[in-house]
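Single-letter residue listing:
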Amino acid sequence: MPDIRDELSGALSHEDPVRRAQIQMLKPLPKRFYKDVSIGTSEDGGHSVLLDGRPVRTPAKNLLAVPTLKLAEMLAAEWDAQVEVIDPAKMPVTRIANTALDGVAKDQRSVFEDILRFAGTDLLCYRASSPEGLVGRQNAVWNPVLEWAAQSLGARFILAEGVIHQEQTGEAITAYAEGLRAFATPLGLTCVHTITTLTGSALLAVAFASGRLTAEQAWIAAHVDEDWQIEHWGTDEEAFKRREGRWQEMQAATAVLDALR
């Protein structure tokens, strides 16, 4: 099997999606060089992806192996779906796995702490003072999540109007951190971090991971303000495409978390 690192390393794993897209545009997509895609068993009991019987490796040459068969099947399906060329833009689950194995696994602490920083300025804590309709919608969609965090995690967050920073208590962040620890594996943190950055809310990310929200509910909650603006002022095609692209990333991250259960 050819060394796929030479062909796919930048395109499959670069953390900056803009740079990743630039790399993909500048570099011809590699041709599909394999016939069969299957699933094998790794030495640690995990499940690996095999191309013509040989294991796939990440850009950093780690074995592309995951802890559950369901997730391995998702990875294998992405590789099998490639037809004439291998298009990283159509392999979001593989990108997540590469990021987890090559990056997050080496420094889980910094990713964990970055999620906590998001929690300290969480979207759900910053409320509009007007118009009344938007205030009501924020309360209806966001308050139940905050109530869940208080009851289930013991994390009681302080609300603020506008964009002036409101520092959260150490007790709230510590309680949230304890809830986050349930997902403190390379793949778990990669997914929670991805959902957090896409939604602007660490609370929504953990609420989904904990089964409190569906992916769709978390996505709707993240766009209360934006949807209000769209309803009153409309949107443009470019903004719509950006949102659709982000939704695809969200779906991949939530599907991986589901597959880890």
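Residues numbered from 1 in each chain as written. Predicted model: local features only at pLDDT ≥ 70, side-chain atom pairs only at ≥ 80, totals over all residues. Heavy atoms only, no water.

The name that an unreviewed UniProt entry assigns to the chain is ATPase, with the source organism given as Ensifer canadensis. The heading Sequence similarities (unreviewed entry) in the UniProt record of the chain holds the text "Belongs to the ATP12 family." (UniProt positions renumbered as here; feature names shortened; annotations may be inferred.)

**Some words on the confidence of the model for the chain**
For the chain, the mean per-residue pLDDT works out to 91, and 90% of the residues sit at or above 70. Taken as a whole, residues 1–7 scores under 50 in pLDDT and shows 16 contacts with residues more than four places along the chain or in a different chain. (pLDDT = per-residue confidence, 0-100. Contact = heavy atoms within 4.5 Å.)

**Observations regarding the nonpolar core**
Ranked by size, the top nonpolar core spans 71 residues in total, and within it W79, I115, F157, Y176, L180, V192 and V206 carry the most contacts. Per element, the largest residue contribution to this core is 8 residues, and it comes from helix α9 (residues 202–209). (Core = buried A, V, L, I, M, F, W, Y, C linked by side-chain atoms within 4.5 Å. Buried < 20%, exposed > 50% of the residue type's maximum accessible area, 1.4 Å probe, protein only. Helix = DSSP H or I, 4+ residues; strand = E, 2+ residues; numbered from the N terminus.)

**As for the packing of helix α6 (residues 132–153) against helix α11 (residues 224–233)**
To characterise two packed helices, one gives the angle between the axes of the helices and the distance between these axes. Direction vectors running N to C along α6 and α11 enclose 145 degrees, while the axes themselves pass 10 Å from each other. Along this stretch, α6 crosses α11, giving a crossing that reads as right-handed. Counting all contacts with α6, which are made through G133, L134, R137, Q138, V141 and W142, the residues of α11 involved are V224, D225, D227, W228 and E231. Here the contact of α6 with α11 is composed, by residue class, of 5 nonpolar, 2 polar and 4 charged. (Axes fitted to C-alpha atoms, helices over the stretch in contact; angles between N-to-C directions. Left-handed = near helix turned anticlockwise from the far one by under 90°. Nonpolar A, V, L, I, M, F, W, Y, C, P; charged D, E, K, R; others polar.)

**What to know about the packing of aromatic side chains**
Evaluation of the coordinates by the stated rule reveals 3 aromatic pairs. Note on F33 and Y34: the rings are 5.3 Å apart at their centroids and 80 degrees apart in plane angle, and the pair reads as edge-to-face. With a relative accessible area of 29%, F33 lands in the partly exposed category. Ring centres 5.3 Å apart and planes at 40 degrees place the aromatic pair W219 and W247 in the tilted group. Of the two residues, W219 is situated in helix α10 (residues 215–222) and W247 in helix α12 (residues 237–260); the sequence distance between them amounts to 28 residues. On the basis of relative accessibility, which here comes to 7%, the residue W219 falls in the buried class. By relative accessible area, which is 16% here, W247 ends up buried. By the ring-pair criterion, three or more aromatic residues cluster together here, those being F33, Y34 and W79. Residue placement shows R261 over the ring face of F208; its charged tip is 5.5 Å from the ring centre. (Phe/Tyr/Trp six-rings, centres within 6.5 Å; stacked < 30°, edge-to-face > 60°. Lys NZ or Arg CZ within 6 Å of the ring centre and 35° of its normal.)

**As for the packing of helix α8 (residues 186–199) against α9**
Relative orientation of the contacting elements α8 and α9 amounts to 135 degrees, with a least axis distance of 8 Å. As the angle between them shows, α8 and α9 are arranged oblique. With respect to the hand of their crossing, α8 and α9 are arranged in right-handed fashion. Contacts between α8 and α9 pair V192, I195, T196 and T199 from the former with A202, L204, A205, V206, F208 and A209 from the latter. By residue class, the composition of the contact of α8 with α9 is 8 nonpolar, 2 polar and no charged. (Parallel < 35°, antiparallel > 145°, perpendicular 65-115°, else oblique.)

**Considering the pattern of salt bridges**
Scanning the entire structure with this criterion turns up 11 salt bridges. As a salt-bridge pair, E238 and R242 come within 3.2 Å of each other at their nearest N and O atoms. One end of the pair, E238, and the other, R242, are both in helix α12, 4 residues apart, so they sit about a helical turn from each other. A relative accessible area of 56% means that E238 is categorised as exposed. Taken together, the shared-partner salt bridges in this structure form one network comprising E226, D227 and R243. (Salt bridge = Lys/Arg side-chain N within 4 Å of Asp/Glu carboxyl O.)

**What about the pairing of strand β2 (residues 47–51)?**
Most of β2 is tucked away, with 5 of its 5 residues classed as buried. Here β2 shows a buried face lined by H47, V49 and L51 and a second buried face lined by S48 and L50. If you look at the hairpin formed by strand β1 (residues 37–41) and β2, you'll find 5 residues sitting between the two strands, and G45 has a positive phi there, around 90 degrees. Alignment of β2 against strand β4 (residues 65–66), held across 2 bridges, turns out to be antiparallel. Paired with S48 across the bridge in β4 is A65. The pairing of β2 with strand β3 (residues 54–55) spans 2 bridges and is classified as antiparallel. Looking at the pairing, L51 lines up with R54 of β3. (Pairing = 2+ DSSP bridges.)

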